[in-house]
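# Observations on the model geometry
Here are the chains, one letter per residue:
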Amino acid sequence: MRIIVTGGAGFIGSAVCRYLIRETDAQVVNVDKLTYAGNLDSLREIADEPRYRFVRADICDRSAINAVLAEVRPHAIMHLAAESHVDRSIAGAAAFIETNVVGSFTLLEAGRDYWLAMNDRDRDRFRFLHVSTDEVYGSLGPTGLFSETTPYDPSSPYSASKAASDHLATAWHRTYGFPVIISNCSNNYGPYHFPEKLIPLVILNALEGKSLPVYGDGSNVRDWLYVGDHARALHLILTNGRPGDKYNVGGRNERSNLAVVRTICAMLDHIDPAGAPRERLVTHVPDRPGHDRRYAIDASKVEAELGWRAQESFETGLEKTIRWYLQNDWWWRPLRERVYAGQRLGLVAGQRG
Ligand SMILES: NC(=O)c1ccc[n+]([C@@H]2O[C@H](COP(=O)([O-])OP(=O)(O)OC[C@H]3O[C@@H](n4cnc5c(N)ncnc54)[C@H](O)[C@@H]3O)[C@@H](O)[C@H]2O)c1
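Below, the structure is looked at part by part. Please read all numbers here as calculations on a predicted model, not as lab measurements.

## Topic: the packing of helix H7 (residues 198–207) against helix H9 (residues 257–271)
As a packed pair, H7 and H9 sit with axes 10 Å apart at the nearest point and diverge in direction by 40°. Our classification of the angle between H7 and H9 gives oblique. The crossing of H7 and H9 is right-handed. Here Leu198, Ile199, Val202, Ile203, Ala206 and Leu207 of H7 lie close against H9, whose contacting residues are Asn257, Val260, Val261, Ile264 and Leu268. In terms of residue class, the contact of H7 with H9 is made up of ten nonpolar, one polar and no charged.

## Comments concerning the nonpolar core
With 45 residues, the main nonpolar core has Val5, Val16 and Met78 as its most contacted residues. Counting residues per element, the ones that place at least two in this core are strand S1 (2–6), helix H1 (11–23), strand S4 (76–79), strand S5 (127–133), strand S6 (180–185), helix H8 (227–240), strand S11 (246–249) and helix H10 (300–306). Per-element tally for this core: the top contributor is H1, with eight residues. For Met78, the contacting residues outside a window of four places in its chain are Ile3, Ile4, Val5, Thr6, Val16, Leu20, Leu129, Leu234, His235 and Leu238. Tyr192, Cys265, Tyr340 and Leu345 belong to the second largest nonpolar core, which has 32 residues in total.

## Some words on the site of the ligand
Ile12, Asp32, Ser84, Tyr158 and Lys162 are the nearest of the 29 residues found near the ligand. With respect to the ligand, the backbone of Gly10 contributes an N or O atom lying 2.9 Å from an oxygen atom. Between the ligand and Asp58, the relevant distance is 2.9 Å, taken from a nitrogen atom to a side-chain nitrogen or oxygen of the residue. Contact with the protein chains covers 96% of the free accessible surface of the ligand, which is 840 Å². Contributions of two or more residues to the shell around the ligand are made by H1, S5 and helix H6 (157–176). Each residue belonging to the shell around the ligand can be placed in one class, and the counts come to 13 nonpolar, twelve polar and four charged.

## Focus: the sheet that holds S4
The seven strands lie next to each other as S3-S2-S1-S4-S5-S6-S11, forming an open sheet whose pairing is parallel. The open sheet is flanked by strand S3 (52–56) and S11, the only strands paired with a single partner. Sheet twist, expressed as the average angle between the axes of neighbouring strands with direction ignored, equals 20°. Strand direction decides the pairing type here: strand S2 (residues 27–32) and S3, joined by five bridges, are parallel. Bridge pairing in S3 links Val28 to Tyr52.

## Side note on the packing of aromatic side chains
Aromatic ring pairs are described here by two measures, namely the spacing of the ring centres and the angle between the planes. Overall, the coordinates contain 19 aromatic pairs when judged by the stated rule. Ring plane angle 75° and centroid distance 5.5 Å describe the contact between Trp115 and Phe178, whose orientation is recorded as edge-to-face. Of this pair, Trp115 sits in helix H4 (residues 94–116) while Phe178 sits in the loop between H6 and S6; the two residues are 63 residues apart in sequence, bridging distant segments of the chain. By relative accessible area, Trp115 is classed as buried at 9%. Its relative accessible area of 0% is what places Phe178 among the buried residues.

## Details of the side chain of Ser14
Inspection of the secondary structure puts Ser14 in helix H1. Accessibility expressed as a relative area gives 0% for Ser14, which makes it buried. Only 2.8 Å separates the side chain of Ser14 from the backbone oxygen of Gly10, close enough to count as a polar contact. With near-sequence residues (within four places) excluded, Ser14 lies in contact with Gly7, Gly8, Ser42 and Leu43.

## Quick notes on the pairing of S5
Of all seven residues in S5, seven are buried, a share of seventy percent or more. The alternating pattern of S5 places Arg127, Leu129, Val131 and Thr133 on one face and Phe128, His130 and Ser132 on the opposite face, and all of these are buried. Direction of pairing for S4 relative to S5: parallel, over a ladder of four bridges. Within S5, the residue paired with Met78 across the bridge is Leu129. With six bridges joining them, S5 and S6 adopt parallel strand pairing. Across the sheet, the residue bridging to Leu129 is Ile181, located in S6.

About the thresholds
- Residues numbered from 1 in each chain as written.
- Predicted model: local features only at pLDDT ≥ 70, side-chain atom pairs only at ≥ 80, totals over all residues.
- Heavy atoms only, no water.
- Axes fitted to C-alpha atoms, helices over the stretch in contact; angles between N-to-C directions.
- Helix = DSSP H or I, 4+ residues; strand = E, 2+ residues; numbered from the N terminus.
- Parallel < 35°, antiparallel > 145°, perpendicular 65-115°, else oblique.
- Left-handed = near helix turned anticlockwise from the far one by under 90°.
- Contact = heavy atoms within 4.5 Å.
- Nonpolar A, V, L, I, M, F, W, Y, C, P; charged D, E, K, R; others polar.
- Core = buried A, V, L, I, M, F, W, Y, C linked by side-chain atoms within 4.5 Å.
- Buried < 20%, exposed > 50% of the residue type's maximum accessible area, 1.4 Å probe, protein only.
- Near = heavy atom within 4 Å.
- Polar contact = N/O pair within 3.5 Å; in protein donor to acceptor, adjacent residues only side chain to side chain.
- Areas by Shrake-Rupley, 256 points an atom, 1.4 Å probe, with all protein chains shown as cover.
- Pairing = 2+ DSSP bridges.
- Phe/Tyr/Trp six-rings, centres within 6.5 Å; stacked < 30°, edge-to-face > 60°.

Structural data, given as structure tokens:
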């Protein structure tokens, strides 16, 4: 199977490329623009594999995408390229509209033209997996879960742009019969996670004895999934999911942000008692504007229909992640020095970081 993975130099996309090369016999072409979030170092362990290839291209560039499709002749596209950080979307939404909405539209159109020109057998087998987020559903109260039929109610420029692209993907299936499948996943964490996101930021700041910023009172809840479990789910959905269907993916690991930070501190104190107690570094900072209170995924459809289940608990996955950051400063140190040094992003006028 030849698969194009868009956004394969990002956090989840690189986990998908590594998974496909290690665990399947697929040929993988990673199509990525290499924005600040794209990093070919995350693909170092598969870079020399004959079944893996990287092509630098922007998904908004129709002629570049047409050329890749004509040359690769994929059996499937896994679409992960996106602007993905909520705080950056608050600071400047334009790139989110461009990549997440216009880029997804461009890819759907290019993919559809390519699919229409295939022979009957290949056309029947072709799949377009549109990878999305649970943030499109908005915010939950203290109880309840997001299911595949929960109405969309996005709060941030990021989640609104992802919701728009999900609607386009659904429409391309309903109107044109284009074999789209959509996945909506909860917050991921794991190795190769860009150091501006909560978990890697807290691990690295705690290691360096720096303050650990917690938005507001830290009671906002996320449902955490280890990135390797997500990559496995995406491959299953691609190969066994039904075109036109949606699948929610989550780890049944709800934690408040403050609980996440405290667990990281406790694990690091255990591994390296010299810096203990790291909880003294916790600093409450102004909340994110429009901060959703709680996300939680009902993953029963992907579990029952496709036999997927998260293999990592939050504690096992977090410990693996912490140990990975401890052993791989070659990966994160240049990012901390050159791309993102820990400054607060995404405050609106009148707020102070
Ligand atoms: N991170 C999460 O917790 C999470 C959870 C659920 C769903 N998702 C979704 O999964 C996908 C991947 O998320 P991630 O966390 O790996 O993001 P990321 O920001 O780490 O990576 C995004 C990748 O897309 C590339 N890219 C950006 N704009 C592009 C363009 N115009 N053309 C080509 N490539 C471009 C970047 O260079 C980068 O390599 C996104 O669609 C995101 O919405 C993420």
